[in-house]
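# Tertiary structure, described
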Amino acid sequence: MPDIDPSEAEYLREIELLANDVVNRALDEGWLSFDPDPDDATPLQRAVNALGRQLQDHHFEHDGCVDPDAPLVGLAGALLVRPTTIMSEQEYIDVCERLGVEARPQGWALWHTWDQKGQRITMVTTRISTTEGMLLVWSKGRHLVPVKPPRAAVAATVRGWIGPAVRSPGYVAETGVKEAAGAATRYGVR
């Protein structure tokens, strides 16, 4: 098999995965600290603790870290629907019509959540950058849910979960379900 040099992004992702492995081993051994280092920490422990704090802190708009008292919204999954990620402009327009929202150039974020009765709903929100940050955190296997958006940032709520979404690590860990059983057609109701 020929040697293939990884791209810079692949190299950095591999370094990040290895760093997570080191931090997880320190956590397993019971000495990792996200708080200030204890007085008796060795130089290696201080370095690993600093690494753990750095890996833990990926912040994005409306992630709930700035205001810990802000209400959070529990999510099973999320996806972005944009004209640039849909196969055709007409398909994007059709999806927007199904959602009951106007097609807009920046697209929409779809959040799979639940109503007050525990029924599955899809929240259609303008929180694009929040969703991008959240999906990045989820791609690293870390559970994080965002601040509940204000009414002005929610364009619609639709019964059921719409579309093939990325599942949150918390939902997968809690249920063991990565995809809903009996998934409907693309961008249909589940």
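Each value, and the rule that gives it
- Residues numbered from 1 in each chain as written.
- Predicted model: local features only at pLDDT ≥ 70, side-chain atom pairs only at ≥ 80, totals over all residues.
- Heavy atoms only, no water.
- Helix = DSSP H or I, 4+ residues; strand = E, 2+ residues; numbered from the N terminus.
- Buried < 20%, exposed > 50% of the residue type's maximum accessible area, 1.4 Å probe, protein only.
- Contact = heavy atoms within 4.5 Å.
- Areas by Shrake-Rupley, 256 points an atom, 1.4 Å probe, with all protein chains shown as cover.
- Phe/Tyr/Trp six-rings, centres within 6.5 Å; stacked < 30°, edge-to-face > 60°.
- Salt bridge = Lys/Arg side-chain N within 4 Å of Asp/Glu carboxyl O.
- Core = buried A, V, L, I, M, F, W, Y, C linked by side-chain atoms within 4.5 Å.
- Pairing = 2+ DSSP bridges.
- Axes fitted to C-alpha atoms, helices over the stretch in contact; angles between N-to-C directions.

This next bit is on the overall build of the protein. Scanning the protein for helices and strands turns up five helices and five strands. For the protein, the N- to C-terminal ordering of α and β elements is α-α-β-α-β-β-α-β-β-α. Relative to its full complement of 190 residues, the protein shows a buried share of 40%. Taking the contacts inside the protein whose residues are at least 6 apart along the sequence as the reference set, 67% of them involve residues at least 24 apart. Total accessible area on the protein is roughly 11,600 Å²; 55% of this is exposed by carbon and sulfur atoms.

For any two aromatic rings, the description comes down to two numbers: the centre-to-centre distance and the angle of the planes. All told, the structure shown has three aromatic pairs when counted by the stated rule. Here the aromatic rings of Trp114 and Trp161 are separated by 5.6 Å at their centres, their planes lie at 75°, and the arrangement is edge-to-face. Placement of the pair is Trp114 in strand S2 (residues 108–114) and Trp161 in the loop between strand S4 (154–159) and strand S5 (166–167), with a sequence separation of 47 residues. On the basis of relative accessible area, Trp114 is assigned to the partly exposed category, the value being 33%. Using a relative accessible area of 0% as the deciding quantity, one classes Trp161 as buried. When the ring of Trp161 is compared with that of Tyr171, the centres are 5.7 Å apart and the planes differ by 80°; the resulting orientation is edge-to-face.

Let's shift gears to the pattern of salt bridges. A full pass over the atoms with the stated rule returns four salt bridges. Ionic pairing is found between Arg46 and Asp37, a salt bridge with its closest N-O pair at 3.8 Å. When its relative accessible area of 33% is taken as the criterion, Arg46 is described as partly exposed. Taking the shortest distance from any N to any O, the salt bridge between Arg53 and Asp37 comes out at 3.6 Å.

It is worth spelling out the nonpolar core at this point. With 14 residues, the main nonpolar core has Val81, Leu99, Val101, Trp108, Leu110 and Val124 as its most contacted residues. Among the elements of the structure, strand S1 (77–81), helix H3 (89–99), S2 and S4 are those that each provide at least two residues to this core. Sorting elements by how many residues they give to this core places H3 first, with four residues. Counting 11 residues, the second-largest nonpolar core is a separate cluster that includes Leu75, Ile128, Met134 and Leu135.

The antiparallel open sheet is built from five strands, whose spatial order is S4-S3-S2-S1-S5. With partners counted over all chains shown, the strands left at the sheet margins are S4 and S5, one partner each. Bridging between S1 and S2 involves five bridges; their strand directions are antiparallel. Bridging across to S2, Gly77 finds its partner in His112. Along the sheet face, H3 touches S1, S2, strand S3 (120–125) and S4 and points at about 40° away from the line of S2. Relative to the sheet, helix H4 (residues 128–139) contacts S1, S2 and S5, its axis offset from that of S1 by approximately 130°.

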